[in-house]
Amino acid sequence: MKILHLDNNHPLLQQQLKNAGYINEEDYTSSKSDVEKKIGNYDGIVIRSRFNIDAQFLEAANNLKFIARVGAGLESIDLNYAAKKNIQLFSAPEGNRNAVAEHTLGMILSLFNKLNTANNQVKNGRWLREANRGIELDGLTVGLIGYGNMGKAFAKKLRGFNVEVICYDIKSDVDDRNAEQVELEELFEKTDVLSLHTPWTPLTNKMINADFISKFKKPFWLVNTARGKSVVTADLVAALKTGKIKGAGLDVLEYEKLSFEKLFTDPDQMPEAFKELLSFENVMLSPHVAGWTIQSKEKLAQTIVDKILATYNKD
């Protein structure tokens, strides 16, 4: 089988495929239209998030047997059209779930203890102890929306913190010893910290908006290490101003491009809501790196290799 690699990944991916008899070719720079002209020559493609794999692309892929995305989600692929063409899809949420869980926990603890603010103050010669008095996670209720690979990994990390962990998911019976599955009404009533672990879908698009936020019975903290378009930034800013949201840790942002490699092509076009968001000391931002660790790069690649070989090298 002949595989086209459209993004650079850990070298073990190509090496192990080569050892198994696959032919690897790379193209990290050609435009989508140029790739479409030759995609019919390949049995598989490996991609991260370089461009959308839409119906037009898939129509040109006459011999394609699989698409492997070295990442957690498949939102950049036209799933219905791929199914129509009997193209196998592989993703690797198992590969970076631990990294995302650790990053999520780190954001919460940093926010609660004002670590970024305190660090900057001390480096600038300001020793403000009372102003940086923190709060403890102990005894609070952490609500998760989405209880798949990422949500489960995060809930497991919370086991030593003496917190109640509840989760909401559109699938039934997904809970386990680390989290109790509840309806949205109970999530709204109990949550002190809300953490998102959902893929991008029409259901999750702009999910955290003013109406949704207003349904929470208590002011709460928000952490999003999932997809940026799930949170309406302007509504988040409004809730931060009123105190309905106590603070936020955001690894992903509404304005990200598909590739996740950059936030804006033109800094002068920065939305007003984002400019306001940057002014809050109780908001922590990172550049879509929750699942982006040294270890996860290898784990993601290994997960993809294992899935390809398990499917096509059964004999």
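Everything here concerns the structure above.
Residues numbered from 1 in each chain as written. Predicted model: local features only at pLDDT ≥ 70, side-chain atom pairs only at ≥ 80, totals over all residues. Heavy atoms only, no water.

Undergrad: Please give an account of the packing of helix α5 (residues 93-112) against helix α12 (residues 294-312) that cites residues and values.
TA: Relative to each other, α5 and α12 sit at 160°, their axes nearing to 7 Å. Overall, the two elements α5 and α12 adopt an arrangement that is roughly antiparallel. Here α5 contributes Pro-93, Glu-94, Gly-95, Asn-96, Asn-98 and Ala-99 to the contact with α12, which in turn contributes Ser-296, Lys-299, Leu-300, Thr-303 and Lys-307. Its residues assigned to classes, the contact of α5 with α12 shows three nonpolar, five polar and three charged. (Axes fitted to C-alpha atoms, helices over the stretch in contact; angles between N-to-C directions. Helix = DSSP H or I, 4+ residues; strand = E, 2+ residues; numbered from the N terminus. Parallel < 35°, antiparallel > 145°, perpendicular 65-115°, else oblique. Contact = heavy atoms within 4.5 Å. Nonpolar A, V, L, I, M, F, W, Y, C, P; charged D, E, K, R; others polar.)

Undergrad: Outline the pairing of strand β3 (residues 44-47), listing residues and values.
TA: The side chains of a regular strand alternate between the sheet's two faces. Covered by surrounding structure in β3 are Gly-44 and Val-46 together with Ile-45 and Ile-47, the residues of both alternating faces. Relative to β3, strand β1 (residues 2-5) runs parallel, the two being bridged by three bridges. Within β3, the residue paired with Leu-4 across the bridge is Ile-45. With four bridges connecting them, β3 and strand β4 (residues 66-69) associate as parallel partners. Among the inter-strand pairings, Ile-45 is bridged to a residue of β4, identified as Ile-67. Traced from β3 through helix α3 (residues 55-60) to β4, the parallel crossover comes out right-handed. (Buried < 20%, exposed > 50% of the residue type's maximum accessible area, 1.4 Å probe, protein only. Pairing = 2+ DSSP bridges. Right-handed = clockwise from strand over helix to strand, strands pointing away.)

Undergrad: Please give an account of the side chain of Ser-286 that cites residues and values.
TA: Tracing the backbone through its elements, the reader meets Ser-286 in the loop between β12 (283-285) and α12. Within the local environment of Ser-286, its side chain forms a polar contact with the side chain of Asp-251, the two groups lying 2.6 Å apart. When neighbours within four sequence positions are excluded, Ser-286 is seen to be in contact with His-103, Met-107, Leu-250, Asp-251 and Val-252. (Polar contact = N/O pair within 3.5 Å; in protein donor to acceptor, adjacent residues only side chain to side chain.)

Undergrad: Outline α5, listing residues and values.
TA: Compared with an ideal rise of 1.5 Å per residue, which puts 20 residues at 28 Å, α5 spans 28 Å between its outermost C-alpha atoms and is within 8% of the ideal. The buried fraction of α5 is high, at 14 of 20 residues. Looking one or two places after α5, you find Lys-114, whose phi comes out positive at around 50°. (Expected span 1.5 Å × (residues − 1).)

Undergrad: Can you tell me about the sheet that holds β3, naming the residues and giving the values?
TA: Whenever strands of a sheet pair, they do so through backbone hydrogen bonds, lying parallel or antiparallel. Here we have five strands laid out as an open sheet, ordered β2-β1-β3-β4-β5, and parallel in their pairing. Bordering the open sheet on either side are β2 (23-26) and β5 (88-90), each of which pairs with just one other strand. Averaged over all neighbouring strand pairs, the angle between strand axes comes to 20°, with direction disregarded. Note: β4 against β5, three bridges, orientation parallel. Each residue of the ladder has a partner; that of Phe-66, found in β5, is Gln-88. The strands that α12 touches are β4 and β5; relative to β5, the one it contacts most, it runs at about 155°.

Taken by themselves, the reported measurements are silent on function.
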